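Here's the letter readout for the chains.
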Amino acid sequence: MNQYRRGVRAEYLLKKKLESDGYYVVRSAGSHGAADLVAWNDRACHIIQVALAGVKTKRDYDKLRSVPQMPRMVKQMYEYLGRGEWKVTKV
């Protein structure tokens with residue numbers, strides 16, 4: 001499996017996890033934009049960039065930081081470590 005497919009797989013794993021936690025989740029397929037996932041519930045909106053362990057870059061963080069801040073919005077980088085483990089960094 002190539003790196004792109006592993007990244008897509010990580011996005012779907014996180015989407016499923018967030019949905020099971022009660023979030024509505026939209027995946028931005030192939031956009032190469034600031035967010036891979038947008039997840040929200042009645043308390044907050046999460047703008048999420050997903051990366052494989054060791055693959056995130058300064059450019060990924062810069063794109064996420066460029067999203068205009070709104071009330072109750074959280075910008076996060078989720079790094080997939082494998083076996084269902086995630087490292088979450090608030091941006």
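Caption draft 1: View of the overall build of the protein. Counting its secondary structure elements, the protein contains two helices and five strands. Of the regular secondary structure in the protein, the N- to C-terminal order runs α-β-β-β-α-β-β. On the principal axes, the C-alpha backbone points of the protein span a range of 40 × 30 × 20 Å. Expressed as a percentage of its 91 residues, the buried residues of the protein come to 41%. By sequence separation, contacts in the protein at least 24 residues apart represent 41% of the contacts at least 6 residues apart. Of the accessible surface of the protein, which amounts to about 5900 Å², a share of 53% is contributed by carbon and sulfur atoms. Distance from the positive charge centre (18 side chains) to the negative charge centre (9 side chains) of the protein: 2 Å.

Caption draft 2: Highlighting the nonpolar core. Leu14, Leu18, Leu37, Ile48, Val50 and Trp86 are the most contacted members of the largest nonpolar core, which totals 13 residues. Counting residues per element, the ones that place at least two in this core are α1 (3-20), β2 (37-40), β3 (45-52) and β4 (73-82). If near-sequence neighbours (up to four positions away) are discounted, Trp86 is found in contact with Ala10, Leu13, Leu14, Lys17, Val50, Tyr78, Glu79, Tyr80 and Leu81. Counting six residues, the second largest nonpolar core, distinct from the first, contains Ala34, Ala35, Ile47 and Met73.

Caption draft 3: Region of interest: the sheet that holds strand β5 (residues 85-90). Strand order in the open sheet formed by five strands is β1-β2-β3-β4-β5, with mixed pairing between adjacent strands. The strands lining the two open edges of the sheet, one partner per strand, are β1 (24-27) and β5. If you compare each strand with its neighbour and ignore which way they point, the axes differ by 25° on average. Bridge count for β3 against β4 is eight bridges, and the pairing is parallel.

What counts and how
Residues numbered from 1 in each chain as written. Predicted model: local features only at pLDDT ≥ 70, side-chain atom pairs only at ≥ 80, totals over all residues. Heavy atoms only, no water. Helix = DSSP H or I, 4+ residues; strand = E, 2+ residues; numbered from the N terminus. Buried < 20%, exposed > 50% of the residue type's maximum accessible area, 1.4 Å probe, protein only. Contact = heavy atoms within 4.5 Å. Areas by Shrake-Rupley, 256 points an atom, 1.4 Å probe, with all protein chains shown as cover. Lys, Arg positive; Asp, Glu negative; His and termini not counted. Charge placed at Lys NZ, Arg CZ, Asp CG, Glu CD. Core = buried A, V, L, I, M, F, W, Y, C linked by side-chain atoms within 4.5 Å. Pairing = 2+ DSSP bridges. Axes fitted to C-alpha atoms, helices over the stretch in contact; angles between N-to-C directions.

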